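Given next are the chains, with one letter for each unit.
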Amino acid sequence: MIDPIGTVPVFIAVTDKYDQKTKRRVALLATITSAIILLFFIVVGEIMLTALSIPLPAFQISGGIVLFLFALNMIFGESKPEEEIKSLALSHTETAIFPLAIPSIASPGAMLAAVLLTENTVFSAWEQLQTALVMLSVLVIVYILLLLSGFISRLIGTSGASVISRVMGLILSAIATTNILIGLNEYYQLMQP
């Protein structure tokens, strides 16, 4: 559910105004933030959702909607007022958290997978630790690819990055729609007697 390759066009699109040093900082902060979020969901996600009486399908549906809105932004470009865009451009910390850490790297699907693959009633503590280690390994791959994004960007150019961003937006919208449909299906299965 973590997509290292799919994150690169998003990273290129949202950091195109930053210098290389800032891009490296954004990549590191986004990766660390994603790791913290996903580890949080591994440790307390199931407990939190149960305590709030939120069924997992509802979480998947809402995550899919957020992801879909972000995908639309990738396809059609920025739709925010100019001063909001400028304030986002000034804050590399904000860019690292949204849209990179959430929902690009630590996507709703990744959060859901973290909860499902570490269910306390299904998986032992050792299996949950293995899941956490695999997740952290994938995040290291994400970080390496983000660091290489400058080379990739120079290779494909601005027009290529724009095309890839829009194509990835379409793919992301399909993934989001799939998350919503799966969540709806699972929710209705839960509600049937």
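Keep in mind that what you see is a predicted model, and the values were worked out from it rather than measured. (Residues numbered from 1 in each chain as written. Predicted model: local features only at pLDDT ≥ 70, side-chain atom pairs only at ≥ 80, totals over all residues. Heavy atoms only, no water.)

*Asks:* An account of the overall build of the protein is needed here, citing residue identities and associated values.
*Replies:* Helix and strand counts for the protein stand at eight helices and zero strands. Beginning at the N terminus, the succession of helices and strands in the protein can be written as α-α-α-α-α-α-α-α. Reported as C-alpha extents along the three principal axes, the dimensions of the protein are approximately 55 × 35 × 30 Å. Long-range contacts, defined as pairs at least 24 residues apart, comprise 87% of the intrachain contacts of the protein with a sequence gap of at least 6. (Helix = DSSP H or I, 4+ residues; strand = E, 2+ residues; numbered from the N terminus. Contact = heavy atoms within 4.5 Å.)

*Asks:* Describe in detail the nonpolar core, supporting the description with residues and values.
*Replies:* Ile2, Leu38, Phe41, Ile105, Met111 and Leu139 are the most contacted members of the largest nonpolar core, which totals 35 residues. For this core, the secondary structure elements donating two or more residues are helix 1 (4-14), helix 2 (20-51), helix 3 (56-76), helix 5 (92-105), helix 6 (108-116), helix 7 (125-147) and helix 8 (149-191). The greatest single-element share of this core, amounting to nine residues, is contributed by helix 2. If we skip the residues at most four places from it in the chain, leucine 139 touches Ile2, Thr31, Ser34, Ala35, Leu38 and Ile105. (Core = buried A, V, L, I, M, F, W, Y, C linked by side-chain atoms within 4.5 Å. Buried < 20%, exposed > 50% of the residue type's maximum accessible area, 1.4 Å probe, protein only.)

*Asks:* Give me helix 3: which residues, what numbers.
*Replies:* Because an α-helix packs 3.6 residues into every turn, residues spaced three or four apart end up facing the same way. End to end, helix 3 covers 30 Å across 21 residues, agreeing with the expected 30 Å (1.5 Å per residue, within 8%). Restricting attention to buried positions, one finds in helix 3 the residues Pro57, Phe59, Gln60, Ile61, Gly63, Gly64, Leu67, Phe70, Ala71, Met74 and Ile75. (Expected span 1.5 Å × (residues − 1).)

*Asks:* Lay out the packing of aromatic side chains in plain terms, naming residues and giving numbers.
*Replies:* Counted by the stated rule, this structure contains two aromatic pairs. Judged by centre distance (6.0 Å) and plane angle (70°), the ring pair of tyrosine 187 and tyrosine 188 falls under edge-to-face. (Phe/Tyr/Trp six-rings, centres within 6.5 Å; stacked < 30°, edge-to-face > 60°.)

*Asks:* Report on the side chain of glutamine 128, specifying residues and quantitative values.
*Replies:* Relative to the helices and strands, glutamine 128 is located in helix 7. Taking relative accessible area as the criterion, glutamine 128 reaches 15% and is therefore assigned buried. Engagement of the side chain of glutamine 128 in a polar contact is seen with the backbone oxygen of phenylalanine 123, the distance being 3.0 Å. If we ignore the near neighbours within four places in the chain, the residues touching glutamine 128 are Thr118, Glu119, Asn120 and Phe123. (Polar contact = N/O pair within 3.5 Å; in protein donor to acceptor, adjacent residues only side chain to side chain.)

*Asks:* An account of the side chain of serine 173 is needed here, citing residue identities and associated values.
*Replies:* Turning to its location among the elements, serine 173 is positioned in helix 8. There is a polar contact of 2.6 Å between the side chain of serine 173 and the backbone oxygen of leucine 170. Ignoring anything within four residues of it in the chain, the contact list for serine 173 reads Phe68, Ala71 and Ile75.

*Asks:* Got a sec to walk through unusual backbone geometry? Specific residues and values, please.
*Replies:* Of note, the bond from phenylalanine 98 into proline 99 is cis; its omega dihedral lies within 30 degrees of zero at 15°. Relative to the assigned elements, proline 99 resides in helix 5. Of note in the backbone geometry, serine 53 takes a positive phi value of approximately 60° without being a glycine. Note that serine 53 resides in the loop between helix 2 and helix 3. A relative accessible area of 62% means that serine 53 is categorised as exposed.

*Asks:* Tell me what's going on with the packing of helix 2 against helix 6, and back it up with residues and numbers.
*Replies:* For the pair helix 2 and helix 6, interaxial distance at closest approach is 8 Å and the crossing angle is 45°. Here helix 2 lies oblique to helix 6, going by the angle between them. Of the two possible hands of crossing, helix 2 and helix 6 adopt the one that is right-handed. Where helix 2 abuts helix 6, its residues Ile37, Leu38, Phe41, Ile42, Gly45 and Glu46 lie against Ala110, Met111, Ala114 and Val115. For the contact of helix 2 with helix 6, the class distribution of residues is eight nonpolar, one polar and one charged. (Axes fitted to C-alpha atoms, helices over the stretch in contact; angles between N-to-C directions. Parallel < 35°, antiparallel > 145°, perpendicular 65-115°, else oblique. Left-handed = near helix turned anticlockwise from the far one by under 90°. Nonpolar A, V, L, I, M, F, W, Y, C, P; charged D, E, K, R; others polar.)

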